[in-house]
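Okay, here's what each chain looks like letter by letter:
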Amino acid sequence: MPVYTYHGTKDPLVRTSVSDEGVRFYRDFGARTAYHDTDPAGHGWPTPNAPLSCGTTFYPFLINCGNDPQGEMLGHWLGQVNAAAATPRAAGTGGGTRAATTPRSRVRGCGRS
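Okay, so let's go over this structure. (Residues numbered from 1 in each chain as written. Predicted model: local features only at pLDDT ≥ 70, side-chain atom pairs only at ≥ 80, totals over all residues. Heavy atoms only, no water.)

**Quick word on a nonpolar patch on the surface**
Next, step 1: A contiguous nonpolar surface patch, about 500 Å² in accessible area, is contributed by Met1, Phe25, Tyr26 and Phe29.
Next, step 2: On the secondary structure map, Phe25 appears in helix H1 (residues 16–28).
Next, step 3: Under the relative-accessibility criterion, Phe25 is labelled partly exposed at 46%. (Patch = residues over 30% accessible without salt bridge, like charges linked within 9 Å, V, L, I, M, F, W, Y side chains within 5 Å. Areas by Shrake-Rupley, 256 points an atom, 1.4 Å probe, with all protein chains shown as cover. Salt bridge = Lys/Arg side-chain N within 4 Å of Asp/Glu carboxyl O. Helix = DSSP H or I, 4+ residues; strand = E, 2+ residues; numbered from the N terminus. Buried < 20%, exposed > 50% of the residue type's maximum accessible area, 1.4 Å probe, protein only.)

**Things to note about the pairing of strand S2 (residues 32–36)**
Next, step 1: As paired strands, strand S1 (residues 2–6) and S2 are joined by five bridges and run parallel to one another. Note on S2: the bridge partner recorded for Tyr4 is Ala34.
Next, step 2: Handedness of the β-α-β unit built from S1, H1 and S2 comes out right-handed. (Pairing = 2+ DSSP bridges. Right-handed = clockwise from strand over helix to strand, strands pointing away.)

**Examining the packing of aromatic side chains**
Next, step 1: A complete count under the given rule lists three aromatic pairs for this structure.
Next, step 2: A centroid spacing of 5.5 Å and a plane angle of 65° characterise the contact between Tyr6 and Trp45, whose relative ring orientation is edge-to-face. Within this pair, whereas Tyr6 is found in strand S1, its partner Trp45 is found in strand S3 (residues 45–46), the two being separated by 39 residues in sequence.
Next, step 3: Given the relative accessible area of 26%, Trp45 is considered partly exposed.
Next, step 4: When the centroid spacing of 5.4 Å and the interplanar angle of 80° are considered together, the rings of Phe25 and Tyr26 count as edge-to-face.
Next, step 5: Assessed through its relative accessible area of 34%, Tyr26 is described here as partly exposed.
Next, step 6: Pairwise contacts between aromatic rings join Phe25, Tyr26 and Phe29 into one cluster. (Phe/Tyr/Trp six-rings, centres within 6.5 Å; stacked < 30°, edge-to-face > 60°.)

What follows is the structure, given as structure tokens:
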């Protein structure tokens, strides 16, 4: 099972030790982990088109750290991935919307018992 963890060195809300222990927990159970913990990021999700600078912790919590953790995460989970399309496709036009429209009960591991 692949697990990706991102933790910024300037996150004022989540201690580094919490992320470290989470990664250790998954590794102890045999998960294939990737741990990105070197960016000077505040509490947020870095994305190339984010409106806030990397060390910021403020709404909408989208920060630009000059890298691509989404691609890193997807590459860890799925292997090689292509860069995002310049123009997103509309829903229903073959733009890969199948997973988003699949009922929860049909997604493996998400059914209720």
